[in-house]
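Listed below are the residues making up each chain.
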Protein chains: 6
Amino acid sequence: MRPSGRAPDEMRAIDIQTGFTKHAEGSVLISFGETKVLCTASVEERIPPWLRGKGEGWVTGEYSMLPRATHTRGSREAAKGKQSGRTQEIQRLIGRSLRSVVDLKKLGERQITLDCDVIQADGGTRTAAISGAWIALRIAVNKLMESGDIKQDPIEGKIAAISCGICNGEPVLDLDYDEDSSADADANFVLIEGGRIAEVQATAEGATYDEEGLLRLLRLAQIGCGNIFAAQEKAVK
Amino acid sequence: MRPSGRAPDEMRAIDIQTGFTKHAEGSVLISFGETKVLCTASVEERIPPWLRGKGEGWVTGEYSMLPRATHTRGSREAAKGKQSGRTQEIQRLIGRSLRSVVDLKKLGERQITLDCDVIQADGGTRTAAISGAWIALRIAVNKLMESGDIKQDPIEGKIAAISCGICNGEPVLDLDYDEDSSADADANFVLIEGGRIAEVQATAEGATYDEEGLLRLLRLAQIGCGNIFAAQEKAVK
Amino acid sequence: MRPSGRAPDEMRAIDIQTGFTKHAEGSVLISFGETKVLCTASVEERIPPWLRGKGEGWVTGEYSMLPRATHTRGSREAAKGKQSGRTQEIQRLIGRSLRSVVDLKKLGERQITLDCDVIQADGGTRTAAISGAWIALRIAVNKLMESGDIKQDPIEGKIAAISCGICNGEPVLDLDYDEDSSADADANFVLIEGGRIAEVQATAEGATYDEEGLLRLLRLAQIGCGNIFAAQEKAVK
Amino acid sequence: MRPSGRAPDEMRAIDIQTGFTKHAEGSVLISFGETKVLCTASVEERIPPWLRGKGEGWVTGEYSMLPRATHTRGSREAAKGKQSGRTQEIQRLIGRSLRSVVDLKKLGERQITLDCDVIQADGGTRTAAISGAWIALRIAVNKLMESGDIKQDPIEGKIAAISCGICNGEPVLDLDYDEDSSADADANFVLIEGGRIAEVQATAEGATYDEEGLLRLLRLAQIGCGNIFAAQEKAVK
Amino acid sequence: MRPSGRAPDEMRAIDIQTGFTKHAEGSVLISFGETKVLCTASVEERIPPWLRGKGEGWVTGEYSMLPRATHTRGSREAAKGKQSGRTQEIQRLIGRSLRSVVDLKKLGERQITLDCDVIQADGGTRTAAISGAWIALRIAVNKLMESGDIKQDPIEGKIAAISCGICNGEPVLDLDYDEDSSADADANFVLIEGGRIAEVQATAEGATYDEEGLLRLLRLAQIGCGNIFAAQEKAVK
Amino acid sequence: MRPSGRAPDEMRAIDIQTGFTKHAEGSVLISFGETKVLCTASVEERIPPWLRGKGEGWVTGEYSMLPRATHTRGSREAAKGKQSGRTQEIQRLIGRSLRSVVDLKKLGERQITLDCDVIQADGGTRTAAISGAWIALRIAVNKLMESGDIKQDPIEGKIAAISCGICNGEPVLDLDYDEDSSADADANFVLIEGGRIAEVQATAEGATYDEEGLLRLLRLAQIGCGNIFAAQEKAVK
């Protein structure tokens with residue numbers, strides 16, 4: 001029995017509010033249950049120095065938690081003067097995941113930055129961030145296509161992410177904070193609509209797992225991402 | 001005629017949502033028109049080293065803008081590795097303002113941090129932050145009093161802040177971004193309910209101003225803060 | 001009765017030594033009583049990146065205290081690796097104040113940096129810095145005009161700054177360290193010769209103040225700045 | 001056909017020199033072909049602040065590349081003043097992997113730091129680091145057991161890591177730099193002797209992959225880690 | 001012929017103003033010609049953590065140049081966020097030199113920091129700093145002895161420093177900026193009254209030098225330090 | 001009697017392995033007894049901004065200790081976010097020393113960086129670094145001459161460095177860690193083949209020294225560097 005009473009393959013409610021803020025080219029507040037992440041897409045007509053002259057664009061991600069998104073207040077990274085290893089790991093993952101479904105040539109010489117700021121955390125912030133960032137990106141690219149700045153759609157498909165884990169020996173989908181902090185294994189899957197995998201990160205915490213366990217987690221992730229793809233579709237209509 | 005069509009002494013709509021996030025002891029999303037600031041109060045049972053053994057508490061503020069709170073994306077201070085002078089100036093002002101209505105002895109040996117994170121900016125973020133932070137503080141202190149951790153109310157009164165400015169030669173209340181970026185003078189007032197002043201910061205931008213101008217701005221601020229005090233009262237009821 | 005025996009509207013002795021150091025285009029050691037600040041103006045034929053191509057110049061300020069300018073040694077900001085919020089606040093104020101009397105178009109595409117280094121502190125360092133920086137700027141600009149690098153005088157008037165405060169309920173002019181550390185309210189005024197105001201920063205410390213108090217402080221500041229304008233005039237003759 | 005002429009399931013030569021440096025409690029130079037990593041284990045009788053009083057120890061990892069370990073010189077992180085996201089990600093992985101086979105209670109209140117410094121890089125530096133760090137840790141713990149400082153062996157098993165990838169559509173084992181920089185997918189597996197998994201990190205680079213691909217990579221990793229376990233066994237005998 | 005017209009073994013005028021600032025326990029403005037360094041000694045009743053419980057004190061130095069002490073403005077180290085290698089090298093030299101004439105046991109558990117801030121630079125700033133710092137230290141220690149805080153004089157002798165160099169093939173004493181920037185070799189000597197050497201740093205710049213050259217520079221340094229010892233004696237009388 | 005049993009003028013065994021790593025244009029592992037330093041020369045076709053357009057090249061050095069090169073683990077400078085004063089002092093010395101035997105005009109507009117990474121420390125790391133860096137530089141420059149990128153040999157001679165010290169009143173050559181940590185005086189000499197001096201740094205530690213002592217240390221250094229020159233000659237043949 002899960003603390004939340006959910007079935008092992010049951011996700012939390014997904015809620016998506018597009019246009020949550022007004023300045024960004026794409027802006028989404030995505031919730032997986034009590035986890036709430038504000039994802040904005042900012043289009044800038046400049047590219048990183050190492051890309052100049054290649055006729056390509058860039059998509060990158062940044063991630064942060066508000067200090068009191070969590071149960072106890074965390075210190076502000078800007079005040080400490082550096083981003084934690086965890087933050088950097090997550091923002092590298094966000095950028096890499098989104099780039100795996102974008103044709104950078106078709107994007108043209110511009111950069112889109114996906115800012116994922118966690119307003120409230122209850123487990124699964126990075127997966128909500130990736131899933132919401134895709135929506136913000138989609139909205140921003142739609143505007144570029146409507147304005148004629150981009151001719152061919154650079155987005156090749158939907159991408160979504162979900163966490164799974166082994167809790168008390170049982171594989172479960174979409175861990176909340178209670179489960180996350182006591183899981184034996186914790187995995188994040190980034191999947192592409194249609195059955196391909198962009199990224200698997202599966203980590204033993206208390207106990208280790210085996211091949212069978214890995215596969216069962218992947219199956220759960222496919223269920224979860226199916227739900228997210230449907231919610232994304234509805235949001236960008 | 002103001003760009004927004006408001007009268008010179010007319011504030012933007014004030015909107016206050018308490019309990020916007022669930023972990024903080026006090027949590028408020030305050031809006032002055034399109035400016036939206038999330039203010040949370042975090043209570044910690046520890047105090048800064050230089051206060052140890054004095055039997056007093058501490059109240060402090062932190063401030064940040066989400067990178068795309070603004071018209072064009074600003075770079076993330078955590079990524080740059082330092083907070084700007086502007087950020088530091090504002091968070092010093094937030095802390096100082098709130099401390100001016102708190103009896104730190106009555107607070108006891110604990111620290112309350114007011115995190116003010118700007119979700120969307122349209123002028124007046126620091127004044128919305130102070131006004132909202134007071135509500136978050138009030139809610140957090142109420143909980144400490146209900147639980148019996150604090151015996152006597154350490155909050156001595158309400159505090160609110162508002163910006164005023166001289167635009168096209170005319171003193172106006174509660175500048176939005178359009179007015180702020182073209183004002184001749186820009187002033188922030190932090191007022192205490194009952195007619196006392198906690199802070200005045202009045203800066204000439206394009207033109208300078210005189211004693212008469214300063215007084216007219218102060219009168220506008222008194223009108224604006226009157227509105228905010230009423231909204232605060234309603235929010236914490 | 002003030003600790004120094006001064007009348008409420010009595011400034012400390014102002015002493016100005018021009019040419020205190022030899023390399024800077026303008027160099028002044030200004031003293032307000034025991035507060036001594038070395039102000040130098042450095043002219044550089046380059047401008048900040050964001051001003052390029054606009055045909056304008058820039059005036060900026062930097063501020064620092066020598067570690068043992070104060071009663072007890074403060075740690076060196078260069079060793080700590082960052083400037084305090086207070087330092088940044090002050091140097092932003094210095095730059096803003098001086099720019100309010102300079103026509104940046106007439107200055108041409110060059111930058112003048114006013115370095116204000118506090119040799120000895122006894123209250124009022126930022127106001128002495130602004131008052132002395134104007135003299136250093138005036139001397140440097142005079143040289144640029146003599147050499148023909150500047151055709152029209154970009155300096156539109158004199159600017160001076162002074163602190164006032166409420167001590168034991170009484171408004172007093174030009175606080176020294178003893179008064180500053182026990183004042184109920186502490187205000188810095190930056191005034192322009194002829195009666196205009198560039199900046200007011202008035203902060204409640206122990207007690208708050210009211211409109212009447214603010215006006216009485218402004219009146220004292222006008223007296224103090226009158227004295228400083230006279231001393232500036234004499235120094236740059 | 002692989003650039004190196006190796007079969008798809010063929011690892012590079014593993015070479016292990018124990019005692020490469022003399023001061024560390026454990027010291028190993030491990031080579032996977034031309035990739036050479038110096039792994040040292042340092043025992044310190046102190047623990048991180050957040051572990052105090054729990055009767056447990058800690059195992060952590062640090063990672064760095066010498067500037068000219070690579071084809072072109074990389075700038076020194078100490079000179080830049082911060083560690084890259086990649087470095088932090090790798091050192092978090094090293095620590096997490098080793099902790100998954102250590103009983104921190106049995107280790108007692110001491111910390112063992114595994115420093116992994118890449119002397120020469122040719123792909124697979126993080127996996128060589130983890131594999132070598134286990135040996136250094138084993139040697140250091142052996143000394144603590146011989147001296148009687150530790151009563152019961154805190155190391156619960158062997159751990160090894162290997163990279164696999166999909167190159168030209170073909171899953172291959174132990175990528176060198178040439179393969180790594182052109183792979184369609186790149187995966188790092190951290191496996192525990194006996195068939196359990198500690199960590200999977202599988203990332204699509206050019207193309208994405210599917211469940212079948214993931215499983216084929218895992219099978220290769222099991223072959224590779226089998227070889228490494230044998231080499232580890234021989235080295236610590 | 002030297003640019004300044006001085007004889008090869010002729011120092012610049014030494015000027016020493018004690019009590020230049022009022023807060024420090026020892027305060028000296030020392031000039032070697034146009035080079036002016038403010039040296040202050042600050043006594044603090046605390047010691048570095050690694051000295052605790054040893055019954056010893058500590059003497060350390062810090063060094064900085066005001067931004068416009070030089071011909072062209074240098075950027076402020078506090079603004080850049082780190083001290084240059086040159087600054088660190090010099091402050092390590094100042095501390096080491098002064099400690100070579102202090103019995104740290106006799107000093108007791110307190111720290112004396114010698115802050116050497118260059119007000120104006122014309123070559124030889126580090127040697128003026130060491131020579132002036134000794135005076136500030138002597139004055140501060142005298143006060144500690146007068147107050148009875150120290151029983152036995154911890155200062156074992158005078159220390160002074162001077163630069164010498166080879167210019168146009170000729171060894172010369174006390175280089176000013178013109179000579180310093182064109183010297184073939186540049187040496188700094190820290191000598192103890194009575195003929196002992198604390199430090200020699202002799203560096204080839206354009207050309208190299210030989211044993212004979214080194215000895216000739218040392219002889220000049222002995223002449224120069226003789227003058228400085230006499231000036232120090234007079235200053236602390 | 002020295003702890004190592006060596007005669008006062010006896011160096012430790014010098015061992016030089018060229019080609020220790022494969023990517024660098026020059027790569028040397030140099031050992032002075034148990035002190036082992038990896039020196040690599042990296043050639044880059046770019047120069048520092050301040051050299052542009054002068055038709056000259058640049059030679060610079062960087063230095064670092066692996067964290068467990070020493071008896072007890074030192075913290076990693078990249079993790080602390082800054083290089084120590086000692087590190088900066090040493091890398092400035094390495095660069096300056098090598099430049100003293102290089103004609104930068106003949107090198108052409110390219111930079112050679114000598115990275116000196118201490119693998120194991122037992123005293124004399126900076127002198128081993130300089131001596132080894134010269135070999136790496138020589139090898140790299142030979143390649144540039146063979147490829148025709150450089151026409152005339154820019155290296156004007158050999159340079160070597162050695163430490164000497166006064167231990168128990170006796171001048172001795174090439175101090176190991178035991179001697180280094182208890183020496184009365186500690187000197188590093190950088191000598192050029194043929195009898196010229198590039199740098200002398202002689203520091204009193206416990207006791208001071210006199211002119212006679214300095215000369216005796218220099219004589220020992222000449223013996224030591226003679227040995228190193230012979231070893232360098234053999235290594236680059």
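Residues numbered from 1 in each chain as written. Chains lettered and ligands numbered in written order. Predicted model: local features only at pLDDT ≥ 70, side-chain atom pairs only at ≥ 80, totals over all residues. Heavy atoms only, no water.

1. So, the interface of chain D and chain A
Opposite the 28 residues of chain D that make contact, chain A presents 28 residues. With both chains or domains summed, chain D and chain A bury close to 2,600 Å², and 47% of this area falls on carbon and sulfur atoms. When the buried surface of chain D facing chain A is broken down by residue, E89, T208 and E211 of chain D rank first, second and third, together holding 21% of it. We note a salt bridge from R219 of chain A to E211 of chain D, for which the minimum N-O separation is 2.4 Å. Our count for the chain D to chain A interface comes out at 16 residue pairs in polar contact (both at pLDDT 80 or more). For the side of chain D that touches chain A, the secondary-structure elements that each account for two or more residues are α2 (85–99), β9 (196–204) and α6 (211–236) of chain D. Ranked by residue count, the leading element in the side of chain D that touches chain A is β9 of chain D, at nine residues. Its residues assigned to classes, the side of chain D that touches chain A comprises 10 nonpolar, nine polar and nine charged. (Contact = heavy atoms within 4.5 Å. Buried area = accessible area lost by both parts, 1.4 Å probe. Salt bridge = Lys/Arg side-chain N within 4 Å of Asp/Glu carboxyl O. Polar contact = N/O pair within 3.5 Å; in protein donor to acceptor, adjacent residues only side chain to side chain. Helix = DSSP H or I, 4+ residues; strand = E, 2+ residues; numbered from the N terminus. Nonpolar A, V, L, I, M, F, W, Y, C, P; charged D, E, K, R; others polar.)

2. What to know about the arrangement of the chains
Chain C shows no contact with chain D. Their nearest C-alpha atoms sit 11 Å apart. At no point do chain A and chain E touch; the closest pair of C-alpha atoms across them sits 11 Å apart.

3. Side note on the environment of K237 of chain C
Residues and elements named next belong to chain C. Relative to the elements of secondary structure, K237 occurs in the segment after α6 (211–236). Judged by its relative accessible area of 77%, K237 is exposed. Put simply, K237 and I139 are 98 residues apart on the chain and 9.6 Å apart in space, counted from C-alpha to C-alpha. (Buried < 20%, exposed > 50% of the residue type's maximum accessible area, 1.4 Å probe, protein only.)

4. Describing the relation of the copies chain D and chain A
Under the fitted operation, chain D is carried onto chain A by 0.0 Å of movement along the axis and a turn of 180 degrees, and the coordinates agree to an RMSD of 0.0 Å. Taken together, the rotation and translation relating the two chain copies correspond to the operation of a two-fold axis. Scanning chain D for the C-alpha nearest the rotation axis identifies Q201 of chain D, at a separation of 2.3 Å. Taken as a fraction of all interface residues of chain D, those also at the interface in chain A reach 100%, which identifies the copy contact as same-surface. (Least-squares fit on C-alpha atoms with pLDDT ≥ 70 in both.)

5. Overview of the sheet that holds strand β2 (residues 26–32) of chain C
Residues and elements named next belong to chain C. Spatially, five strands are ordered β1-β2-β3-β5-β4 in an open sheet, and the strand pairing comes out mixed. Each edge of the open sheet carries a strand with a single partner, namely β1 (14–18) and β4 (58–65). Averaged over all adjacent pairs, the angle separating strand axes in this sheet is 20 degrees, with direction ignored. With respect to the sheet, helix α4 (residues 125–146) is in contact with β1, β2, β3 (35–44), β4 and β5 (111–120), its orientation differing from that of β3 by roughly 35 degrees. (Pairing = 2+ DSSP bridges. Axes fitted to C-alpha atoms, helices over the stretch in contact; angles between N-to-C directions.)

6. A short note on the pattern of salt bridges
On inspection of all chains with the given rule, the structure shows 132 salt bridges over all chains. A salt bridge links R68 of chain C to E25 of chain E, with the shortest nitrogen-to-oxygen separation between them at 2.6 Å. One end of the pair, R68 of chain C, is in the loop between β4 and α1 (77–80); the other, E25 of chain E, is in the loop between β1 (14–18) and β2 (26–32), on a second chain. Of the charged contacts, one joins R92 of chain E and E89 of chain F as a salt bridge, the two residues approaching to 2.6 Å between their closest N and O atoms. Of this pair, R92 of chain E sits in helix α2 (residues 85–99) while E89 of chain F is found in helix α2 (residues 85–99), placing the two residues in two different chains. Accessibility expressed as a relative area gives 9% for E89 of chain F, which makes it buried. Overlapping salt bridges, with partners in common, bring together R2, R6, R12, D122, D174, D176 and E179 of chain A in one network.

7. A short note on the interface of chain A and chain B
The partner chain B presents 38 residues to the 38 residues of chain A that form the contact. At the boundary of chain A with chain B, total buried surface from both sides reaches about 2,900 Å², with 51% on carbon and sulfur atoms. Across the salt bridge formed by D115 of chain A and R76 of chain B, the nearest N and O atoms sit 2.7 Å from each other. Every element with two or more residues in the side of chain A that touches chain B is listed here: β3 (35–44), β4 (58–65), α1 (77–80) and β5 (111–120) of chain A. Its residues placed into classes, the side of chain A that touches chain B shows 14 nonpolar, 11 polar and 13 charged.

8. A word on the packing of aromatic side chains
All names here are of chain B. Enumeration according to the criterion identifies six aromatic pairs over all chains in this entry. A centroid spacing of 4.7 Å and a plane angle of 85 degrees characterise the contact between W50 and W58, whose relative ring orientation is edge-to-face. We classify W58 as buried; its relative accessible area is 18%. (Phe/Tyr/Trp six-rings, centres within 6.5 Å; stacked < 30°, edge-to-face > 60°.)

9. A short note on the relation of the copies chain A and chain B
With an axial shift of 0.0 Å and an RMSD of 0.0 Å, the rotation relating chain A to chain B amounts to 180 degrees. When the interface residues of chain A are mapped onto chain B, 100% of them again fall at the interface, so both copies present the same face.

10. A closer look at the sheet that holds strand β8 (residues 185–192) of chain F
The strand order across the open sheet formed by eight strands is β7(E)-β6(E)-β8(E)-β9(E)-β9(F)-β8(F)-β6(F)-β7(F), and the pairing between neighbours is antiparallel. The open sheet terminates on both sides in strands that have one partner only, identified here as β7 (170–173) of chain E together with β7 (170–173) of chain F. Strand-to-strand twist of the sheet, defined as the mean angle between neighbouring strand axes without regard to direction, takes the value 20 degrees. In this structure, strand β9 (residues 196–204) of chain E lies alongside strand β9 (residues 196–204) of chain F, joined through five bridges in antiparallel fashion. Bridging from a neighbouring strand, A202 of chain E pairs with V200 of chain F of β9 of chain F. Sheet strands in contact with helix α4 (residues 125–146) of chain E are β6 (159–167), β8 (185–192) and β9 of chain E, and its direction is about 165 degrees off that of β6 of chain E.

11. With respect to the state of the cysteines
The final tally for this structure, using the stated rule, is zero disulfides over all chains. C225 of chain E carries a free sulfur, and the closest cysteine sulfur to it, the one in C164 of chain E, is 7.8 Å from it. (Disulfide = S-S within 2.5 Å.)

12. Regarding helix α4 (residues 125–146) of chain B
Residues and elements named next belong to chain B. For α4, with 22 residues, the first-to-last C-alpha span of 31 Å sits near the 32 Å given by 1.5 Å per residue. By the criterion of burial, α4 is predominantly enclosed, with 18 of the 22 residues buried. Just downstream of α4, G148 is the residue with a positive phi angle, here 85 degrees. (Expected span 1.5 Å × (residues − 1).)

13. Considering the UniProt feature "binding site: phosphate" (unreviewed entry) in chain A
Under the present numbering, the feature "binding site: phosphate" (unreviewed entry) in UniProt falls on R86, G124, T125 and R126 of chain A. A maximum C-alpha distance of 13.4 Å places the annotated residues, which cover 41 residues in sequence, within one compact spot. Position of R86 of chain A relative to the elements: it lies in helix α2 (residues 85–99). The exposure class assigned to R86 of chain A is partly exposed, which follows from its relative accessible area of 28%. With residues near it in sequence (within four places) discarded, R86 of chain A still touches Y63, M65, T125 and R126 of chain A together with R92 of chain D. At a separation of 3.3 Å, a polar atom in the side chain of R86 of chain A contacts the side chain of Y63 of chain A. Positionally, R126 of chain A belongs in helix α4 (residues 125–146). By relative accessible area, which is 18% here, R126 of chain A ends up buried. Residue contacts for R126 of chain A: discarding those within four places in its chain leaves R86, I90, L93, N188 and Q201 of chain A. (UniProt positions renumbered as here; feature names shortened; annotations may be inferred.)

14. A few points about the packing of α2 of chain D against helix α4 (residues 125–146) of chain D
All names here are of chain D. Put simply, α2 and α4 touch, their axes get as near as 10 Å, and they point 40 degrees apart. With respect to α4, the element α2 is oriented oblique. In this structure, α2 meets α4 at a crossing whose hand is right-handed. Side by side, α2 and α4 meet where R86, I90, L93, I94, S97 and L98 of the first sit next to T125, R126, A129, I130, A133, W134 and L137 of the second. The class makeup of the residues in the contact of α2 with α4 is nine nonpolar, two polar and two charged. (Parallel < 35°, antiparallel > 145°, perpendicular 65-115°, else oblique. Left-handed = near helix turned anticlockwise from the far one by under 90°.)

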